[in-house]
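Below are the chains, spelled out letter by letter.
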Amino acid sequence: MAASGGAYAAHLPAVPDWLNKGDNAWQLTAATLVGIQSMPGLVVLYGSIVKKKWAVNSAFMALYAYASSLLVWVLVGFRMAFGERLLPFWGKAGVALSQSYLVGRASLSATAHGGTPRTEPLYPEATLVLFQFEFAAITLVLLAGSVLGRMNIKAWMAFTPLWLLFSYTVGAFSLWGGGFLYHWGVIDYSGGYVIHLSSGVAGFTAAYWVGPRLKSDRERFSPNNILLMIAGGGLLWMGWAGFNGGAPYAANIAASVAVLNTNVSAATSLLTWTCLDVIFFKKPSVIGAVQGMMTGLVCITPGAGLVQTWAAVIMGVFAGSVPWFTMMILHKKSALLMRVDDTLAVFHTHAVAGLLGGVLTGLLATPELLEIESPVPGLRGAFYGGGARQVGKQLAGAAFVVAWNVAVTSLILLAIGLVVPLRMPDDQLMIGDDAAHGEEAYALWGDGEKFDATRHDLSARVGGGGMMDREGSADQRMSGMGARGVTIQL
């Protein structure tokens, strides 16, 4: 309170004329919601969806990615993604730490297009730095899902800052910060390409170079706590209100449309995926429902504030069926997909769903909503008179993101591999968390295997085989889910 009066107020007013309190409050709220998706959302989800012996390591990889991203972001990353133009695909590096920079009005200097002025939200630069950090962090956390259960934690600690600097900032500047794809008119409303296509492709590439899990882990990777997995997934879904609702940089009409469309698409996709599970596998899968929720959220992201709500339903149907097909059917027929051990199938739920959403946005984006959100005049989806031109731009933008992530992710990992092994040795992989961290999540026997009373010497304590029957039944259910396609999701 003292800072709001006296000499301080005379030189640095707490509420400058350009500050919109409502926009600032919403943007900070949206940033917090996106942060909750990572911390604790994905930390909880990763720690519960893997085998018990990998719970600590998986949660820590997400935790470390989140923390390490912030320092890199404020030191150089933010301005490489949203600062002045250095190259058509990259901004000039610079710090985002000083008062003189952070308390001024937010500005994306490279976004001026023709006679359209640059984007200048009605809040301080500090708010924009925080909001965009949350996006950068969650991209790395999502990427981690591809390499859980075997990546050397020291290699991961080296990988996260390098990938943020040399891969994420390029996609963010090219599509959002005023780069060549932004000015050409490629549409990515809130990260279908920048976040999801990037994390899915980079994760798949990383999984290729790191190598697979142990054969025993690939064959049986049952979640250690499905209820906690649902809780983590729920935090993701609710947090997506900030993910897509914060993209317009204002509490405006597009934000309202985006939040509604996000929920409609997620629900539709979840139901579609579940129905396909019931039709083909005779039972609804809880893991499958979370997968469907995720693909619905990812698919709507490139066009959440740019399409009508009936279009969000259509996108949800595609989101619940196309990734389902690639994961459950195509995966088993592709030698490459079978060879690469993408632990949580991030390629299917993020890369496939993100690309699908980008293409559907090129078809379904309305000119009225695009006029609110894009400085590039004349943009419209193919169904509104845009023809094949916008779809072609969407495909070209995706091709750039895919090529850059494959190349840069490969180079980073090959360089790290010269210094430290990318994969943990097999003897440590047999142990898991205790070998990697000297800690374990649960002081309990068993790691997804079928209960054997003679092996665990508990026959005297099991009356009438009741416990064995219950454990065996649960184990068979998990085995059945693994036999349907990829072992685990997300």
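Residues numbered from 1 in each chain as written. Predicted model: local features only at pLDDT ≥ 70, side-chain atom pairs only at ≥ 80, totals over all residues. Heavy atoms only, no water.

As recorded in an unreviewed UniProt entry, the protein goes by Ammonium transporter and comes from Miscanthus lutarioriparius. Under the UniProt heading Sequence similarities (unreviewed entry), the entry covering the protein gives this text: "Belongs to the ammonia transporter channel (TC 1.A.11.2) family." According to UniProt, the comment filed for the protein under the heading Function (unreviewed entry) is "Involved in ammonium transport." (UniProt positions renumbered as here; feature names shortened; annotations may be inferred.)

Counting residues in hydrophobic clusters, the biggest one holds 101 residues, and the most contacted among them are Tyr46, Trp73, Trp156, Phe159 and Tyr168. Element by element, the count of residues in this core is highest for helix α5 (residues 125–144), at 13 residues. Setting aside residues no more than four positions away along its own chain, Tyr46 makes contact with Ser58, Ala62, Val141, Leu142, Ala144, Gly145, Leu148 and Leu344. Among the nonpolar cores identified, the runner-up in size contains 21 residues, and Ile300, Leu356, Leu364 and Leu370 belong to it. (Core = buried A, V, L, I, M, F, W, Y, C linked by side-chain atoms within 4.5 Å. Buried < 20%, exposed > 50% of the residue type's maximum accessible area, 1.4 Å probe, protein only. Helix = DSSP H or I, 4+ residues; strand = E, 2+ residues; numbered from the N terminus. Contact = heavy atoms within 4.5 Å.)

Once that is clear, we can look at a nonpolar patch on the surface. On the surface, Leu71, Leu75, Val95 and Leu97 cluster together to form a nonpolar patch covering roughly 380 Å² of accessible area. Here Val95 is to be found in the loop between β2 (90–91) and α4 (99–102). (Patch = residues over 30% accessible without salt bridge, like charges linked within 9 Å, V, L, I, M, F, W, Y side chains within 5 Å. Areas by Shrake-Rupley, 256 points an atom, 1.4 Å probe, with all protein chains shown as cover. Salt bridge = Lys/Arg side-chain N within 4 Å of Asp/Glu carboxyl O.)

Bringing the packing of helix α8 (residues 192–210) against helix α17 (residues 387–417) into the picture now. Put simply, α8 and α17 touch, their axes get as near as 9 Å, and they point 40 degrees apart. As the angle between them shows, α8 and α17 are arranged oblique. Remark: the crossing between α8 and α17 carries right-handed chirality. Residue-level contacts link Tyr193, Leu197, Ser198, Val201, Ala202, Thr205, Ala206 and Trp209 of α8 to Gln394, Leu395, Gly397, Ala398, Val401, Val402, Asn405, Val406, Thr409, Ser410, Leu413 and Leu414 of α17. When grouped by side-chain class, the residues that make up the contact of α8 with α17 number 13 nonpolar, seven polar and no charged. (Axes fitted to C-alpha atoms, helices over the stretch in contact; angles between N-to-C directions. Parallel < 35°, antiparallel > 145°, perpendicular 65-115°, else oblique. Left-handed = near helix turned anticlockwise from the far one by under 90°. Nonpolar A, V, L, I, M, F, W, Y, C, P; charged D, E, K, R; others polar.)

For the rest of this paragraph, the subject is the confidence of the model for the protein. Residue-level pLDDT values for the protein average 87, and 87% of them are 70 or greater. Across the protein, the element-wise mean pLDDT spans from 37 in helix α20 (residues 466–483) up to 97 in α8. Within the model, the stretch residues 1–10 combines pLDDT values under 50 with four contacts to residues more than four positions away or in other chains. With pLDDT under 50 throughout, residues 456–490 is counted as low confidence; its partners more than four residues away or in other chains account for 69 contacts. (pLDDT = per-residue confidence, 0-100.)

Let us now look at the side chain of Gln390. The topology assignment puts Gln390 in helix α17. The class of Gln390 is buried, set by a relative accessible area of 3%. Those residues in contact with Gln390 that sit more than four places away from it in its chain are Gly185, Val186, Ile187, Gly362, Leu379 and Arg380.

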